[in-house]
Amino acid sequence: MMWRLATCTVLLFVQRLVARMPWTLVAVTTCAFYLASGGHKFVEIFLKTIRRDVHAAGVLLKVKLNVKRNLKLNNTVPKIFREVVQRHPDKTALIFEGTGAAWSFRDLDEYSNRVANFFYERGYRTGDVVALFMESRNEYVGLWLGLAKIGVETALINFNLRLDALTHCITISKAKAIVFGNELNDALKEIHQTLGKSMQLYSSGEWNFSEMLPGTTNLDRLLEASPSDPPPPLQNRGFTDRLFYIYTSGTTGMPKAAIVVHSRYYRMAALVYYGYRMCTDDIVYDCLPLYHSAGNIVGIGQCLLHGLTVVIRRKFSASRFWDDCIKYRCTIVQYIGEICRYLLSQPQRSAEREHCVRMALGNGLRPSIWEDFTSRFQIPQIAEFYGATECNCSLGNFDNKIGACGFNSRILPFVYPIRLVKVDEDTMELIRDSNGVCIPCQPGEPGQLVGRIVQNDPLRRFDGYVNDSATTKKIAHDVFKKGDMAYLSGDVLVMDDYGYMYFRDRTGDTFRWKGENVSTTEVEGILSRYLSMADVVVYGVEVPGVEGRAGMAAIADTSGWIDLEKFHTDLEMALPPYARPVFLRLLPVVNKTGTYKFQKTEMRKEGFDPRVIKDRLYLLDQRLQKYVPLEEELFRKIQSGKMKL
């Protein structure tokens, strides 16, 4: 009914517009438009996409009006959450599968108030930063939400990080304190001396005094004594102010702290809520880490902003996935591409069809397993989307188009100002026309996705990173027209005739493996240090039937001998599992350009094929937990899928 009403409204508007135009102008305009758009092809595109486009336009309008209202009221995420609490205080907000703890909206509100009051009494004020280093659980949400209530910004630290990367993320945030889960105490012990004596440490979780770092405060005990009344109201915090930082893998070094403001948090969660037609009765199964935007904004955002119940899992478990969904009666599950593949690799059992899941929400589901996933697990809708924490050009597959990560209207492309533009795929340099403006891609042509930046529009603004130079690198000028600015996604996509977008590749010096972005420069630096500063090149290589790219390190072994056992032990200490190279290539020298940049394009193309590569090759055998020689027989097993990575 809504679609018919919207369509009739559009047609009525066009009819009235045409009625006021001279007949000859109508004829000329109609003819020109028909010919320019490809004649009958345009009619076909119009008929096949108008319903999709009208829905998307309605979603954009709804979110835009809500954003305008929140700006006028000077709202923040905590203020919007307070409205949700008042609507249904006793409804279940969060469930943590680890303990079965169920928090109502009142419970979450009161816990976050205790957090706010405690830190306010300790002198923390608007603009201060606290680092949160903890595995996923209910308290995680209450901690950053409580800090936001007094204007304190939270740096959400990846709990997989160790040593240099962990130190870097805490340091660049300028955090005055660290709140950490006791399960990560050992990780902090490794870097404690580098953080400085002024850093305040607060721990949460099962307390073991003998193992705690010196000077650590038991936060749980102190919060019990903190008042649960609302903290003093904020006078100088609004919808476009900073909420927290989420770290993204840098293409030129360590992780970058992306700035998330209140309006961005709202926009990302709201576009998903309205775009995929969620409702307050839905129960979301969130097994993604809460230091990621997918878990904390797309997932938890539905709880805080729209009143949905969210089930939090500490870590994803393929064997427990469907049991949890049945137990908590989840209707929506979140995924990344690897999760879908892991679920398909599990033995079939009855539980995987006894759930009430109606939609799988996420990104990275490979087209090759899309239909296998939906048919085996009987899930009616795949809500695939494309986006990054900091980007202003998110996409959504609202109508279940197999393989697509989203779309842009071919009828009214200017309504949502994004575009695929031509680039040199090896260098990712923008290709421009004679006027110096970027060249838009035609259907079927791969191009980099860009989004026009309009800083006074919360839907189009780009907040960037804590590091100004990192922000500058993601902005291009003269993209849509002279004098404009656009966000560079760094990703190559392809659009079909109907405007559907398909992810082609993650480019630059970052590749994706096991659902995480891996910075090649960061890994190169760590490997080189452990190998006495040897030349190291890290890149991602394609493996048949596997999502993403497996890490491969080409190492200049001038001595002719590297202790691979010690090397593997060092990597276990320094890198999270997804960042450790799966393949090694030991060669006499690594080629460089005249400006001392490593040449990795050819090596990336050669992959890990011992029939092509004459250098020594090794594979990280997960079962044996060591690097083993990669010979032709083992290569064939990997290619055929008999050897799992």
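Residues numbered from 1 in each chain as written. Predicted model: local features only at pLDDT ≥ 70, side-chain atom pairs only at ≥ 80, totals over all residues. Heavy atoms only, no water.

The next point concerns the packing of helix H3 (residues 40–72) against helix H10 (residues 262–275). Orientation of H3 relative to H10, taken along the N-to-C sense of each, is 145°, at an axis distance of 10 Å. Crossing handedness for the pair H3 and H10: right-handed. On H10, the residues that touch His55, Val59, Leu60, Lys62, Val63, Asn66, Val67 and Asn70 of H3 are Tyr266, Arg267, Ala270, Leu271, Tyr274 and Gly275. Residues belonging to the contact of H3 with H10 are distributed by class as follows: 8 nonpolar, 4 polar and 2 charged. (Axes fitted to C-alpha atoms, helices over the stretch in contact; angles between N-to-C directions. Helix = DSSP H or I, 4+ residues; strand = E, 2+ residues; numbered from the N terminus. Left-handed = near helix turned anticlockwise from the far one by under 90°. Contact = heavy atoms within 4.5 Å. Nonpolar A, V, L, I, M, F, W, Y, C, P; charged D, E, K, R; others polar.)

Let us now look at helix H5 (residues 105–121). Every α-helix carries 3.6 residues per turn, so stepping three or four residues along brings you back to the same face. For H5, built from 17 residues, the straight-helix expectation of 24 Å at 1.5 Å per residue is met to within 8% by its first-to-last C-alpha distance of 24 Å. Restricting attention to buried positions, one finds in H5 the residues Phe105, Leu108, Asp109, Tyr111, Ser112, Asn113, Val115, Ala116, Asn117, Phe118 and Phe119. (Expected span 1.5 Å × (residues − 1). Buried < 20%, exposed > 50% of the residue type's maximum accessible area, 1.4 Å probe, protein only.)

Per the counting criterion, the structure on display carries 28 aromatic pairs. Arranged with centres 5.0 Å apart and planes meeting at 50°, the rings of Trp103 and Tyr111 form a pair that is tilted. For Trp103, a relative accessible area of 13% puts it in the buried group. For Tyr111, a relative accessible area of 12% gives the class buried. (Phe/Tyr/Trp six-rings, centres within 6.5 Å; stacked < 30°, edge-to-face > 60°.)

For Val536, the location among the structural elements is in strand S24 (residues 536–541). Residue Val536 is classed as buried on the basis of its relative accessible area of 3%. Separated by 53 residues in the primary sequence, Val536 and Val589 have C-alpha atoms spaced 9.5 Å apart. With near-sequence residues (within four places) excluded, Val536 lies in contact with Glu524, Leu527, Ser528, Leu531, Ala553, Ala554, Ile555 and Phe598.

The full count for this structure, using the stated rule, is 0 disulfides. A disulfide-free cysteine, Cys391 has its sulfur positioned 4.4 Å from the sulfur of Cys393, the nearest such atom. (Disulfide = S-S within 2.5 Å.)

Our next topic: the packing of helix H7 (residues 163–172) against helix H8 (residues 185–195). One way to put it is that H7 packs onto H8 with a least axis distance of 10 Å and a crossing angle of 55°. Viewed along their axes, H7 and H8 adopt a mutual orientation that is oblique. By crossing handedness, the relation of H7 to H8 is classed as right-handed. Each of Leu163, Leu166, Thr167 and Ile170 in H7 lies in contact with H8, whose residues at this interface are Ala187, Leu188, Glu190, Ile191, Thr194 and Leu195. Broken down by class, the residue content of the contact of H7 with H8 amounts to 7 nonpolar, 2 polar and 1 charged. (Parallel < 35°, antiparallel > 145°, perpendicular 65-115°, else oblique.)

Glancing now at the pairing of strand S22 (residues 510–513). Sheet topology note: the S22/strand S23 (residues 516–519) ladder contains 4 bridges and is antiparallel. Paired with Trp513 across the two strands is Glu516, which belongs to S23. The loop that links S22 with its antiparallel partner S23 comprises 2 residues; one of these, Lys514, has a positive phi angle of about 55°. (Pairing = 2+ DSSP bridges.)

Moving on, we come to the pattern of salt bridges. Pairing between side chains of opposite charge can happen when the charged atoms of each approach one another. Enumeration according to the criterion identifies 34 salt bridges in this entry. Across the salt bridge formed by Arg82 and Asp109, the nearest N and O atoms sit 2.5 Å from each other. Placement of the pair is Arg82 in helix H4 (residues 77–87) and Asp109 in helix H5, with a sequence separation of 27 residues. Arg82 gets classed as partly exposed once you look at its relative accessible area, which sits at 33%. Residue Arg313 is joined to Asp324 by a salt bridge in which the shortest nitrogen-to-oxygen separation is 2.7 Å. Of this pair, Arg313 sits in the loop between strand S11 (309–312) and helix H12 (321–327) while Asp324 is found in helix H12, placing the two residues 11 residues apart along the sequence. Classification of Arg313 as buried rests on a relative accessible area of 11%. Taking the relative accessible area as the measure of exposure, Asp324 reaches 2% and is therefore buried. Among the ionic contacts, a cluster of salt bridges with common partners joins Glu97, Arg313, Arg320, Asp323, Asp324 and Arg349. (Salt bridge = Lys/Arg side-chain N within 4 Å of Asp/Glu carboxyl O.)

Read across the open sheet, the 8 strands follow the order S2-S1-S11-S10-S12-S13-S14-S15; overall the sheet is mixed. If you trace the sheet from one side to the other, it starts and ends with strand S2 (101–104) and strand S15 (395–396), each paired once. In the packing of helix H6 (residues 138–149) onto the sheet, the strands contacted are strand S1 (92–96), S2 and S11, and the crossing angle to S1 comes to about 130°.

Each strand in a sheet pairs with another by means of backbone hydrogen bonds, the pair being arranged parallel or else antiparallel. Pairing in this open sheet of 7 strands is mixed, and the strands run S7-S6-S5-S3-S4-S8-S9 from one edge to the other. The open sheet terminates on both sides in strands that have one partner only, identified here as strand S7 (216–218) and strand S9 (256–261). Shown here is a sheet whose adjacent strand axes are inclined to one another by a mean of 25°, direction ignored. Both strand S3 (residues 129–133) and strand S4 (residues 153–156) contribute to a ladder of 4 bridges, which runs parallel. Looking at the pairing, Leu132 lines up with Leu156 of S4. H10 rests against strand S8 (242–248) and S9 of the sheet, and its axis sits at about 80° to S9.

Our focus in this paragraph is the pairing of S3. S3 sits mainly inside the fold: 5 of its 5 residues count as buried. Here S3 shows no split at all, with Val129, Ala131 and Phe133 on one side and Val130 and Leu132 on the other all buried. Read as a crossover between parallel neighbours, the route from S3 over H6 to S4 is right-handed. Bridge count for S3 against strand S5 (residues 177–181) is 4 bridges, and the pairing is parallel. (Right-handed = clockwise from strand over helix to strand, strands pointing away.)

Okay, the confidence of the model for the chain next. Averaged over the chain, the pLDDT score is 89; the fraction of residues at 70 or greater is 91%. Confidence drops under a pLDDT of 50 for residues 1–7, and excluding neighbours within four residues, the segment shows 5 contacts in the predicted structure. Counting contacts from residues 25–33, a segment whose pLDDT is below 50, to residues more than four positions away or on other chains yields 4 contacts. (pLDDT = per-residue confidence, 0-100.)

Attention now goes to H6. If you check H6, its first and last C-alpha atoms are 17 Å apart, about what 12 residues at 1.5 Å a residue would give, namely 16 Å. Of all 12 residues making up H6, 11 are buried, and the element is well covered by its neighbours. Taken as a whole, H6 has its buried residues at Asn138, Tyr140, Val141, Gly142, Leu143, Trp144, Leu145, Gly146, Leu147, Ala148 and Lys149. The first or second residue beyond H6 is Gly151, which carries a positive phi of 80°.

Before going further, it helps to examine the nonpolar core. If you look at the biggest cluster of nonpolar residues, it comprises 106 residues, and the most contacted ones within it are Phe119, Phe133, Trp144, Ile157, Ile178, Tyr265 and Leu304. Counting residues per element, this core draws most heavily on H10, at 8 residues. Excluding residues within four positions of it along the chain, Leu304 makes contact with Val77, Ile80, Phe81, Val84, Leu108, Val141, Trp144, Leu145 and Tyr265. Leu527, Val582, Phe608 and Leu620 belong to the second largest nonpolar core, which has 49 residues in total. (Core = buried A, V, L, I, M, F, W, Y, C linked by side-chain atoms within 4.5 Å.)

Before going further, it helps to spend a moment on the environment of Val437. Locating Val437 in the fold gives a position in the loop between strand S17 (418–421) and strand S18 (447–452). Here the alpha-carbon distance between Val437 and Ile339, two residues 98 residues apart in the chain, equals 40 Å. Contacts of Val437, omitting those with residues within four sequence positions, involve Ile431, Arg432, Asp478, Val479, Phe480, Lys481 and Lys482.

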